[in-house]
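The chain contents come next:
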There are 2 protein chains.
Amino acid sequence: MLNSYSTADKVLLAVDCIIFGFDHEGLKILLIKRDFEPEKGKWSLIGGFLKRDEVLDHAAIRILNTYTGLNDIYMEQLYAYSEIDRDPVERTISVSYYALINIENHNAELIKNYHAQWFSITDAPNLIFDHDEMVQQAIRRLRYRTSIKPIGFELLPEKFTMRQLLELYEAILSKELDKRNFISKINSLEILNKLEEKDMQSSRKGSYLYTFNKEKYEEKLLNDFVLNL
Amino acid sequence: MLNSYSTADKVLLAVDCIIFGFDHEGLKILLIKRDFEPEKGKWSLIGGFLKRDEVLDHAAIRILNTYTGLNDIYMEQLYAYSEIDRDPVERTISVSYYALINIENHNAELIKNYHAQWFSITDAPNLIFDHDEMVQQAIRRLRYRTSIKPIGFELLPEKFTMRQLLELYEAILSKELDKRNFISKINSLEILNKLEEKDMQSSRKGSYLYTFNKEKYEEKLLNDFVLNL
DNA sequence: ATTTATTAATGTAGATTTTACACTTACATT
DNA sequence: AATGTAAGTGTAAAATCTACATTAATAAAT
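Rules behind the numbers
Residues numbered from 1 in each chain as written. Chains lettered and ligands numbered in written order. Predicted model: local features only at pLDDT ≥ 70, side-chain atom pairs only at ≥ 80, totals over all residues. Heavy atoms only, no water. Helix = DSSP H or I, 4+ residues; strand = E, 2+ residues; numbered from the N terminus. Buried < 20%, exposed > 50% of the residue type's maximum accessible area, 1.4 Å probe, protein only. Areas by Shrake-Rupley, 256 points an atom, 1.4 Å probe, with all protein chains shown as cover. Lys, Arg positive; Asp, Glu negative; His and termini not counted. Charge placed at Lys NZ, Arg CZ, Asp CG, Glu CD. Salt bridge = Lys/Arg side-chain N within 4 Å of Asp/Glu carboxyl O. Near = heavy atom within 4 Å. Polar contact = N/O pair within 3.5 Å; in protein donor to acceptor, adjacent residues only side chain to side chain. Least-squares fit on C-alpha atoms with pLDDT ≥ 70 in both. Contact = heavy atoms within 4.5 Å. UniProt positions renumbered as here; feature names shortened; annotations may be inferred.

Examining the overall build of chain A
Helix and strand content of chain A: six helices and ten strands. Across its three principal axes, chain A shows a C-alpha extent of roughly 65 × 45 × 30 Å. Within the span of chain A, comprising 229 residues, buried residues form 50% of the whole. When the accessible surface of chain A is split by element, carbon and sulfur atoms take 45% of a total near 12,000 Å². Of the charged side chains in chain A, 30 are positive and 36 negative; the average position of the first set lies 4 Å away from that of the second.

A word on the pattern of salt bridges
Residue and element names in this part refer to chain A. Scanning all chains against the criterion turns up 26 salt bridges over all chains. Linking R62 and E54 is a salt bridge whose minimum nitrogen-to-oxygen distance equals 2.6 Å. The exposure class of R62 is partly exposed, given its relative accessible area of 23%. We note a salt bridge from R145 to E76, for which the minimum N-O separation is 3.8 Å. Within this pair, whereas R145 is found in helix α3 (residues 131-148), its partner E76 is found in strand β5 (residues 75-81), the two being separated by 69 residues in sequence. Each member of the pair R145 and E76 is classed as buried. When salt bridges with common partners are traced through the structure, they connect E76, R141, R145 and E154 into a single cluster.

Let's talk about the protein's contact with DNA strand C
Around DNA strand C, 18 residues are found, and the nearest of them are N181(A), K205(A), R163(B), K205(B) and Y208(B). Near the protein, within 4 Å, the atoms of DNA strand C are sugar or phosphate in 42% of cases. Side-chain polar atom of R180(A) to a base nitrogen of DNA strand C: 3.1 Å apart, as the coordinates give it. A distance of 3.3 Å separates a base nitrogen of DNA strand C from a polar side-chain atom of K179(B). Those elements that provide at least two residues to the surface near DNA strand C are α5 (179-189) of chain A together with α5 (179-189) and β10 (207-212) of chain B. The element that contributes the greatest number of residues to the surface near DNA strand C is α5(A), accounting for three residues.

So, the relation of the copies chain A and chain B
Each copy of the sequence occupies a distinct position, and chain A is placed on chain B by a rotation of 180° and an axial shift of 0.0 Å, giving an RMSD of 0.1 Å. Taken together, the rotation and translation describe the operation of a two-fold axis. Looking at the interface residues of chain A, 100% of them are also at the interface in chain B, so both copies use one shared face.

Side note on the UniProt feature "domain: Nudix hydrolase" (unreviewed entry) in chain A
UniProt's entry tags residues 10-141 of chain A with the feature "domain: Nudix hydrolase" (unreviewed entry), counted in the numbering of this structure. Note that residues 10-141 of chain A is 23% helix and 37% strand, and that its end C-alpha atoms are spaced 30 Å apart.

Some remarks on the protein's contact with DNA strand D
Around DNA strand D, 17 residues are found, and the nearest of them are R163(A), R204(A), Y208(A), R180(B) and R204(B). Counting only the atoms of DNA strand D that lie within 4 Å of the protein, the sugar and phosphate share comes to 41%. One of the side-chain nitrogen or oxygen atoms of R163(A) is found 2.6 Å away from a phosphate oxygen of DNA strand D. In this structure, R204(A) approaches DNA strand D through a side-chain N or O atom, which is 3.2 Å from a base nitrogen.

Structure (structure tokens):
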């Protein structure tokens with residue numbers, strides 16, 4: 001019985017993570033200032049190498065956890081990047097993953113220790129290697145996902161206003177949405193609970209807070225749907 | 001200056017290709033009977049290993065060329081599969097690609113030499129490793145692509161009838177389409193040239209032949225669009 | 001020459017979905 | 001009591017999608 005494909009070349013496999021967060025300023029990504037060569041001091045995605053006995057999904061989760069302290073975050077694989085000299089040190093193929101997290105939820109101390117920082121997607125610095133391309137592709141995927149699955153859940157605080165949800169979608173899609181049309185389309189999904197409670201920060205009148213209805217949300221995930229915003 | 005990430009593990013990277021073709025019987029995939037261990041004699045996707053100085057796209061094209069003799073075929077990367085024991089011989093991560101080819105165009109002799117064979121997607125045999133999953137995912141991706149880009153080009157002979165195009169879309173989407181609605185939707189894309197010439201195989205009346213209008217097709221590719229069939 | 005059989009070609013009305021748009025309400029602040 | 005601010009709400013017109021049936025062209029058979 002064969003126990004190796006001995007003639008084939010082996011390569012390093014990296015995993016790079018595009019971590020999206022959202023706050024009142026808009027859609028953000030988590031970047032890290034590299035403290036090792038090459039490109040020490042430049043900004044990069046958080047990443048790491050795949051271990052011998054680890055699946056890619058696990059590596060992505062491990063890396064996210066290392067830098068944010070977060071667990072149980074849904075991550076989605078995006079694409080494998082393989083340009084020969086994408087990493088000048090050594091031939092490395094990188095598989096990118098993206099995650100959506102609640103920006104208030106992570107471990108701020110960890111982030112600080114790693115010299116990590118949140119940047120608006122509109123004014124993030126240039127990144128090392130092909131990381132800018134990864135980010136652009138992640139944004140495209142996020143937009144697509146928005147049109148086929150309810151999103152927000154992961155990116156908003158537990159209780160949120162319609163305006164926050166609207167602004168999240170506007171930030172993701174990078175276009176203005178009509179408030180009334182948006183609200184009626186979201187309501188037609190029937191995945192929100194309207195609370196009695198109001199948020200009084202934003203206006204004198206106050207605006208109702210909502211939570212996601214997890215059961216209905218899961219139910220919706222089962223069937224395909226298209227949300228045209 | 002660093003010249004290796006010495007502590008990281010290296011792995012084998014394979015590329016597996018889902019090759020779609022289409023003929024009067026429907027949508028097909030090209031499979032190969034393995035002539036080496038493990039799983040010798042079982043059916044599998046065509047595949048191979050990434051070489052040290054090769055990008056993934058190139059490996060996919062090289063593999064396609066090896067088995068079909070075809071060049072200049074557009075291939076799209078799908079997904080990286082990394083289950084620990086997906087290949088029982090040795091830890092191997094596989095990146096899948098899919099291609100659409102004109103089933104009449106490949107090198108039949110090559111195919112025969114490699115014990116390769118076309119199978120309808122509806123009655124293909126079970127495949128080795130996780131290749132069945134790869135095929136299912138490729139079909140989903142193909143369906144999605146259908147909704148955002150004109151397709152057919154690659155899968156039909158140069159001149160084709162509306163019926164052939166309709167049947168292609170029906171095979172891909174695995175559902176019946178209304179002929180009149182289909183024709184008017186396709187026509188509204190304005191990517192076809194209607195020829196004077198008729199195909200007389202299919203009926204006494206004969207049906208007009210069409211070709212793709214490459215310029216308009218390319219133009220359409222630039223802008224996003226959604227085709228709801 | 002006429003009939004027959006077969007598939008190609010074609011348009012529309014009704015239903016549904018999407019879009020554009022403006023006024024009133026609630027309430028805290030002054 | 002007046003003012004200012006964002007929240008909340010409905011509808012009509014436009015666009016798109018769907019369902020559906022008849023006529024046309026021709027080769028083959030008689």
